[in-house]
Amino acid sequence: MIKTDICDLLRIEYPVFQGGMAWVANASLATAVSEAGGLGIIAAMNSNGEQLRAEIKKAKEMTDKPFGVNVMLMSPYADEVSAVIAEEKIPVVTTGAGNPSKYIPLWKESGAKIIPVVPSTALARMVEKRGADAVIAEGGESGGHVGDLTTMALVPQVCDAVKIPVIAAGGIADGRGIAAAFMLGAVGVQMGTRFLVAKECTIHQNYKDKVLAAKDIDTIVTGKRLGHPVRCLKNNLSRSMFEKEYDSSVSNEELENMGVGALRRAAIDGDTSNSTLMAGQIAAMVTKEQTCKEIITEIMQEAETILKGASKWVK
Ligand code: TUI
């Protein structure tokens, strides 16, 4: 049985977070992960305050276990969803795509544990100083909005930079990834892509089928020129965006507009061509649909076996 400090801090059984994926991480997925002993996280990204409150209410009816909410800081609703998180006394808040410092006092007051995603040691140090309880060091292997560093390079550097616990994310989909993350100094992991195909994940089956069929080199990063790079599966839209990014006759506004509504078209409508199918570089390792319980049990068992045998190379 693997237990780390983060399990005690958050009152969870396994040190496994489910990423707060926009248009994906709803009450169904988050409560299934929490019921399985991990930390389920609802994405506030695509919701205004009242829509988020409704999703939280649904989740509270589905589980008594702790679950978190993720705030995408570029969202136009970041202020109102942050207030709802405090009002609803959500026990864990994660943030992404920006610096959450201005919300930290509000969430502290409501009793939440605050765990920002950081792409650099500088932001890790800053949020620690402002009162973050832990950080998620997310490497650019992940799906969605990505930073520059890889998980292998980022995690140990963030572990050296701060005293608070570090959760590793990006490129982790099985027990090997968990064991590796622990070796780098992390006390837990966050996974997104593996949970995309969970039975309790309500995204369109077409999206799941694309993840299940993906090969190692099937993801691409678009949006670098716009300042918010996004990793997703290669398809008509992402290939076209990638080409246009290097075409100076295409304006930023035009590029930006190509992405509008594209994640919704993937997750809800099942459009796999003119859409953004966010997924990480380990999509090819995700080959079967399982319940969240099966996923968590399997990966923790794998990690334990690896960690117990790890000394076999040391003479
Ligand atoms: O946030 C994510 N992943 C996401 S958010 C998202 S929604 C979206 N849709 C369309 C375009 C853009 C986004 C999809 N996937 N992951 C966490 C994450 N945060 N990765 C990297 C960062 C990050 C980057 C810069 C965090 C902080 C940061 O700080 C810059 C600063 O202000 O210091």
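Student: Summarise the packing of helix 8 (residues 175-183) against helix 14 (residues 292-309); cite the residues concerned and give the values.
Tutor: Orientation of helix 8 relative to helix 14, taken along the N-to-C sense of each, is 55°, at an axis distance of 7 Å. Taken together, the axes of helix 8 and helix 14 lie oblique to each other. As for the relative orientation of helix 8 and helix 14, their crossing is right-handed in sense. Contacts between helix 8 and helix 14 involve Gly175, Arg176, Ile178, Ala179, Phe182 and Met183 on the former and, on the latter, Ile299, Met300, Glu302, Ala303, Ile306 and Leu307.

Student: Could you give an account of the nonpolar core, with specific residues and numbers?
Tutor: Nonpolar side chains tend to gather and get buried jointly when the protein is soluble and globular. Among the nonpolar cores identified, the biggest contains 58 residues, and Leu29, Val158, Phe195 and Tyr207 are the most heavily contacted of them. At 6 residues, the largest contribution of residues to this core is made by helix 14. Setting aside residues up to four positions removed in sequence, Leu29 forms contacts with Gln18, Met21, Val24, Phe195, Ala198, Glu200, Cys201 and Cys292.

Student: Lay out the environment of Leu226 with the relevant residues and their values.
Tutor: Position of Leu226 relative to the elements: it lies in the loop between strand 10 (219-222) and strand 11 (230-233). Along the primary structure Leu226 and Asn252 are separated by 26 residues, whereas in three dimensions their C-alpha atoms are 6.7 Å apart. If near-sequence neighbours (up to four positions away) are discounted, Leu226 is found in contact with Asn252, Leu255 and Glu256.

Student: So what's going on with the side chain of Glu55? Which residues, and what values?
Tutor: Here Glu55 shows up in helix 3 (residues 49-62). With a relative accessible area of 17%, Glu55 lands in the buried category. Separated by 2.8 Å, the side chain of Glu55 and the backbone nitrogen of Ala27 make a polar contact. In this view, Glu55 contacts Asn26, Ala27 and Ile42; residues no more than four positions away in its chain are not counted.

Conventions we followed
- Sequence order as written defines residue numbering, which begins from 1 separately in each chain.
- With pLDDT at 70 or above as the cut-off, local features in this predicted model cover only qualifying residues; side-chain atom pairs require 80 or more to be listed or tallied, and sums for whole chains, interfaces and linings still use all residues.
- Side-chain calculation: all heavy atoms of the structure are included, whereas hydrogens and water are not.
- The convention used is that axes are lines fitted to C-alpha atoms, helices contributing only their stretch in contact, and that angles between N-to-C directions extend from 0 to 180 degrees.
- Put simply, DSSP H or I for four residues or longer makes a helix, DSSP E for two residues or longer makes a strand, and each gets a number counted from the N terminus.
- Comment on the angle field: the value is read as roughly parallel under 35 degrees, roughly antiparallel over 145, roughly perpendicular from 65 to 115, and oblique elsewhere.
- Whether a crossing is left-handed or right-handed is set by the direction in which the near helix is turned from the far one by less than a right angle, anticlockwise for left-handed and clockwise for right-handed.
- Any pair of residues with heavy atoms lying within 4.5 Å of one another is described as a contacting pair.
- We define a nonpolar core as any set of buried Ala, Val, Leu, Ile, Met, Phe, Trp, Tyr and Cys residues linked to one another through side-chain atoms lying within 4.5 Å.
- To sort residues, take the accessible area from a 1.4 Å probe on protein chains only and compare it with the maximum for the residue type: under 20% means buried, over 50% means exposed, and anything in between is partly exposed.
- Whenever a nitrogen or oxygen atom comes within 3.5 Å of another N or O atom, the pair is scored as a polar contact, on the condition that within protein one atom can donate a hydrogen and the other can accept it, and that pairs from neighbouring residues in sequence are kept only if both atoms are in side chains.

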